[in-house]
Structures are given as C-alpha cells and as structure tokens.
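Coordinates in review
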Amino acid sequence: MNKEIIKYPSPVLRKKSQEVEKVTEETKRLGWDMIETMEERKGIGLAGPQVGELKRVITVQLEKPLIFINPKILKKTKETEAREEGCLSFPGLFLKIKRHKGVEIEALNEKGEKINFEAVGLPARILQHEIDHLDGILFIDRTGFWQRLKIRNKLRQILKPPS
Ligand code: ZN
C-alpha cells in the first residue's frame, strides 16, 4: 500500500525511531509498503519516520529494493565524498553533502535474519542518509553553515503552502 510521505518541517522527522524487537508480518508489510511508496515517488531510499512510522526500518533502491531493519553502521571509510543528494521529505531541494565513501552495516532482513552489508559510493550515501533519519537527523543538518544560509530561501519556498 502506497503511503503518504511526511514532509519537512513535520516534528515527526525529528523524533528518534524505536528498535524493532521482533520482525513480524507487520514489519514485513511496513517494509513492502515503504518499497512501494519509494518506487512510486522514484526515490532511492526511504526511512520509517518519513511515512510516519517511528520504527528503525529503511528501504534502499539498489539493483533491487532492499529492506534493512535496525540498521547500524559498523565501519566507515575515513575517505569522504561530497555529492548532491535529495530527500523525499524535501521536494525540489538538492544539497551537496559530505558523507563517508564506504560503510559496512549490520541489520536484520525482512526474514529477521542478521546480515552484514558493505556499500561504496551512492549505496553507501543512501544508507547514511536513511540511517540518519532514524535518529531524527536530516540532510540539511549535514550541510555547512554557508550553504545553509543559501538554502534559507529555498526552504521558505518549500514551507510556503501551495497557492
Ligand atoms: Zn531523506
């Protein structure tokens, strides 16, 4: 089922998400709904809070869509990379964000199995962006002070109710 995307500045996006204690049918359904929602909006990543579910569940669009439950970054490369990224909760806003080039994460898959997953480049960037969402951290928090000043007007436009 396609879900509504929560947009900035909803306070939900600032809340910390809860660990999933047991992967149930409901968790699986949430993951599938998130994949459907992400694909419908042509997004490449989505986190629970963005659909109003404060649960540590993210979906990532790689060669195929993947669901990660309770994802945790185990290792990250020292090397960083600054690239433009967007967020479904900020339509039309693209910011250059510095992220670790590679990460290794640990998570549960939708079957409740523990998995380790290594990613470099764009997939690593998506994982860092989505895991941030689970802690209420948004990509605008990761930009520098000067870029934040520059985006102030853009943010105002986003916040303006549609006429
Ligand atoms: Zn996002």
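Keep in mind that this is a model prediction, so the values were computed, not measured. (Residues numbered from 1 in each chain as written. Predicted model: local features only at pLDDT ≥ 70, side-chain atom pairs only at ≥ 80, totals over all residues. Heavy atoms only, no water.)

**As for the coordination of the zinc ion**
Basically, it comes down to this: Only nitrogen, oxygen and sulfur atoms count as donors, using a 2.8 Å cut-off from the metal that widens to 3.2 Å for Na, K and Ca. Water is left out, so coordination shells may look unfilled. Numbering goes from the N terminus for both helices and strands, where a helix is a DSSP run of H or I of at least four residues and a strand is a run of E of at least two. Burial classes follow relative accessibility: with a 1.4 Å probe on protein chains only, a residue under 20% of its type's maximum area counts as buried, one over 50% as exposed, and anything between as partly exposed.
Within the first shell, the zinc ion binds the protein through Cys 87 (SG), His 129 (NE2) and His 133 (NE2), at distances of 2.0 to 2.2 Å. When the donor residues of the zinc ion are listed from N- to C-terminus, their spacing reads C-x41-H-x3-H. Of this pair, Cys 87 sits in the loop between strand 4 (80-85) and strand 5 (95-100) while His 133 sits in helix 2 (residues 122-134), placing them 46 residues apart in sequence. The exposure class of His 133 is buried, given its relative accessible area of 1%.

**Considering the side chain of Arg 99**
The criterion, for reference: For this analysis, a polar contact is any N or O atom pair within 3.5 Å, provided that within protein one partner can donate a hydrogen and the other can accept it, and provided that sequence-adjacent residues contribute only side-chain to side-chain pairs. Contacts are assigned to residue pairs that have any heavy atoms within 4.5 Å of one another.
Structurally, Arg 99 can be placed in strand 5. Exposure remark for Arg 99: the relative accessible area of 4% places this residue in the buried category. Side-chain polar atoms of Arg 99 contact the side chain of Asp 132, separated by 3.0 Å. Setting aside residues up to four positions removed in sequence, Arg 99 forms contacts with Glu 79, Thr 80, Glu 81, Glu 85, Arg 125, Gln 128, His 129, Asp 132, Phe 139 and Arg 142.

**Concerning a nonpolar patch on the surface**
Defined as follows: Patch membership is restricted to residues that have no salt bridge and whose relative accessible area is over 30%. Joining uses 9 Å for like charges and 5 Å for the nonpolar side chains Val, Leu, Ile, Met, Phe, Trp and Tyr. The Shrake-Rupley method, run with a 1.4 Å probe, gives the accessible areas here. Residue values count only the displayed protein chains as cover. Throughout this description, the term salt bridge denotes a Lys or Arg side-chain nitrogen within 4 Å of a carboxyl oxygen of Asp or Glu.
Together, Phe 145, Trp 146 and Leu 149 give the surface a local cluster of nonpolar side chains, amounting to about 380 Å² of exposed area. Residue classification places Leu 149 among the partly exposed residues on the basis of a relative accessible area of 33%.

**Side note on the pairing of strand 2 (residues 57-61)**
Strand residues, when the strand is regular, have side chains that alternate between the two faces of the sheet. The condition that has to hold: Any two strands between which DSSP finds at least two bridges are classified as paired.
Within strand 2, four of the five residues are buried, which leaves it mostly tucked inside the rest of the structure. Note that strand 1 (residues 45-47) and strand 2 share three bridges and pair antiparallel. By the bridge assignment, Ala 47 is partnered in strand 2 with Ile 58. Note: strand 2 against strand 3 (residues 65-76), five bridges, orientation antiparallel. For Ile 58, the partnering residue across the bridge sits in strand 3 and is Phe 68.

**A look at the environment of Lys 96**
Along the chain, Lys 96 turns up in strand 5. Here Lys 96 falls in the exposed class, since its relative accessible area comes to 52%. Counting along the chain gives 58 residues from Lys 96 to Met 38, while the straight-line C-alpha distance between them is 22 Å. Not counting residues within four places of it along the chain, the set of residues in contact with Lys 96 comprises Ala 82, Arg 83, Glu 84 and Gln 147.

**Some thoughts on the pattern of salt bridges**
For side chains bearing opposite charge, pairing can occur when the charged atoms are close. Taken as a whole and judged by the stated rule, the model has 15 salt bridges. Between Lys 3 and Glu 53 there is a salt bridge, with the nearest N and O atoms lying 3.7 Å from each other. You can see Lys 3 sitting in the segment before helix 1 (25-40) and its partner Glu 53 sitting in the loop between strand 1 and strand 2, a full 50 residues away along the chain. Residue Lys 3 is classed as buried on the basis of its relative accessible area, which comes to 17%. Beyond isolated ion pairs, a larger network of salt bridges with shared partners links Glu 85, Arg 99, Arg 125, Asp 132 and Arg 142.

**With respect to helix 2**
The criterion, for reference: Every helix has an expected span of 1.5 Å times one less than the residues it contains.
For helix 2, spanning 13 residues, the distance from its first C-alpha to its last is 19 Å, which sits close to the expected 18 Å at 1.5 Å a residue. Within helix 2, eleven of the 13 residues are buried, which leaves it mostly tucked inside the rest of the structure.

**Side note on the sheet that holds strand 2**
Quick note on the threshold: All axes are obtained by fitting lines to C-alpha atoms, using only the stretch in contact for helices, and the reported angles, taken between N-to-C directions, cover 0 to 180 degrees.
Pairing within the open sheet is antiparallel, and its five strands lie in the order 1-2-3-6-7. Each end of this open sheet is capped by a strand with a single partner; those strands are strand 1 and strand 7 (114-120). Pairwise comparison of adjacent strand axes, ignoring direction, gives a mean angle of 40° for this sheet. Its contacts with the sheet place helix 2 against strand 1, strand 2, strand 3, strand 6 (102-108) and strand 7, and it is angled at close to 155° to strand 2.

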